[in-house]
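So the chains spell out like this:
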Amino acid sequence: MKQGEPAIQVSIKQKVFPAIAERPEQAVLGGVELTVERGSFVVLTGPSGCGKSTLLNIVAGLDTDYQGNVTFGADTGKLSFMFQTPRLLPWRTVEENVSLVLDEDCKDAEERVAAILARVGLSEAANAYPERLSLGMQRRAALARAFVIEPDVLLMDEPFVSLDDPSADSLRALLIELWNRRPTTVLFVTHDRIEAVMLATRLIRLGGRPARIVQDSGVDLSPDERLDREKVLAWRMRLFESA
Ligand SMILES: Nc1ncnc2c1ncn2[C@@H]1O[C@H](COP(=O)(O)OP(=O)(O)OP(=O)(O)O)[C@@H](O)[C@H]1O
Ligand SMILES: [Mg+2]
C-alpha cells in the first residue's frame, strides 16, 4: 500500500431515480467527482433529501444504476457499512451478531469478538439478545460488528442519530478511539454539524438539485482537540457559518 494513493475514486456523472406512479423522474446526483485519500475520515453533509444516502449506497455497490464509476485502490477489499438503524439479528446474541461477519475459517474469531466487545463496553452483554439492549448499546454492538473485520473502508450513514447527547458523545469518542487505533478510510454521513467537526479530517458538503459538491474543506484537529468543546465550536463556526 502506497501512502497518498487514493482509496476510493468516485465519478458520478448522473444518478436519476425513474418516475414511479405520480412522482416524476428525479435527477438526484450530477457531476460528483471525489477522490478519497487512504486513511482519511470524510464527512458528507447537506440538506435532507439531497442524495447523501444515495451516494453512499453507490459507493457500497448497493446501487449500480447510475452513470459513472467508483473505483477502489489496492488493499481496500474489506468494507463495512453501518446504517442508521443498528440492524442486529433479533434471534442472535450480541456476540453472535458480531461474530457472524467474520469468515468461517477465521482462526482467532473468539478472541477478536471478545476484544472488540470489551473495547465498546459490551463484555457483560455478550450473551444478551438485542431487544434487551438500549438503542445506545445496540449501536455499540453495530460499531463492534463494523470494526471486528478490521475494515479497509467503513461507510456510515447517520449511525448515531436519535440518541441522547451523552450516549451520542460517548459513541463518537469511541469511534475516534477505534479509528486512531486502526486508521481506516471512512465515509460518514451526518446532519449534525458538531458531530461533523468532531470526526472529520475532511468535510464535504453536497447541495443543489441534482446535487454536487459545494464545499470541500480540511479539518485540522488533533484527537484531543476533537473532544474539546470550544475547539469544536470554533471549527463549526469556521466551516459552516463563515460563508
Ligand atoms: N429508491 C428510490 N426511489 C425513488 N426516489 C428515491 C429513492 N431513494 C431515494 N430517493 C429520492 O432521492 C433523493 C435523495 O435521497 P437520499 O435518501 O439519498 O437523501 P439524503 O440526503 O440521504 O436525505 P436524508 O438526509 O433525509 O437522509 C430524495 O428526494 C429521495 O426521495
Ligand atoms: Mg439519508
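About the criteria used
Residues numbered from 1 in each chain as written. Chains lettered and ligands numbered in written order. Predicted model: local features only at pLDDT ≥ 70, side-chain atom pairs only at ≥ 80, totals over all residues. Heavy atoms only, no water. Near = heavy atom within 4 Å. Polar contact = N/O pair within 3.5 Å; in protein donor to acceptor, adjacent residues only side chain to side chain. Areas by Shrake-Rupley, 256 points an atom, 1.4 Å probe, with all protein chains shown as cover. Helix = DSSP H or I, 4+ residues; strand = E, 2+ residues; numbered from the N terminus. Nonpolar A, V, L, I, M, F, W, Y, C, P; charged D, E, K, R; others polar. Patch = residues over 30% accessible without salt bridge, like charges linked within 9 Å, V, L, I, M, F, W, Y side chains within 5 Å. Salt bridge = Lys/Arg side-chain N within 4 Å of Asp/Glu carboxyl O. Lys, Arg positive; Asp, Glu negative; His and termini not counted. Charge placed at Lys NZ, Arg CZ, Asp CG, Glu CD. Buried < 20%, exposed > 50% of the residue type's maximum accessible area, 1.4 Å probe, protein only.

Caption draft 1: Fine view of the site of ligand 1. Around ligand 1, a shell composed of 15 residues is seen, among which R23, S48, G49, K52 and T54 lie nearest. One of the backbone N or O atoms of G49 is found 2.8 Å from an oxygen atom in ligand 1. Within the contact set of ligand 1, an oxygen atom lies 2.9 Å away from a side-chain nitrogen or oxygen of S53. Protein contacts shield 69% of the accessible area of ligand 1, which totals 630 Å² for the unbound molecule. For the shell around ligand 1, the secondary-structure elements that each account for two or more residues are strand 2 (26–37) and helix 1 (52–60). With three residues, helix 1 is the largest single contributor of residues to the shell around ligand 1. When its residues are assigned to classes, the shell around ligand 1 shows four nonpolar, seven polar and four charged.

Caption draft 2: Molecular detail of a negative patch on the surface. Residues E95, E96, E110 and E111 make up a contiguous surface patch of negative charge. Counting residues per element, the ones that place at least two in the negative patch are helix 2 (94–99) and helix 3 (109–119). With respect to the element layout, E96 can be found in helix 2. Owing to a relative accessible area of 32%, E96 belongs among the partly exposed residues under this scheme.

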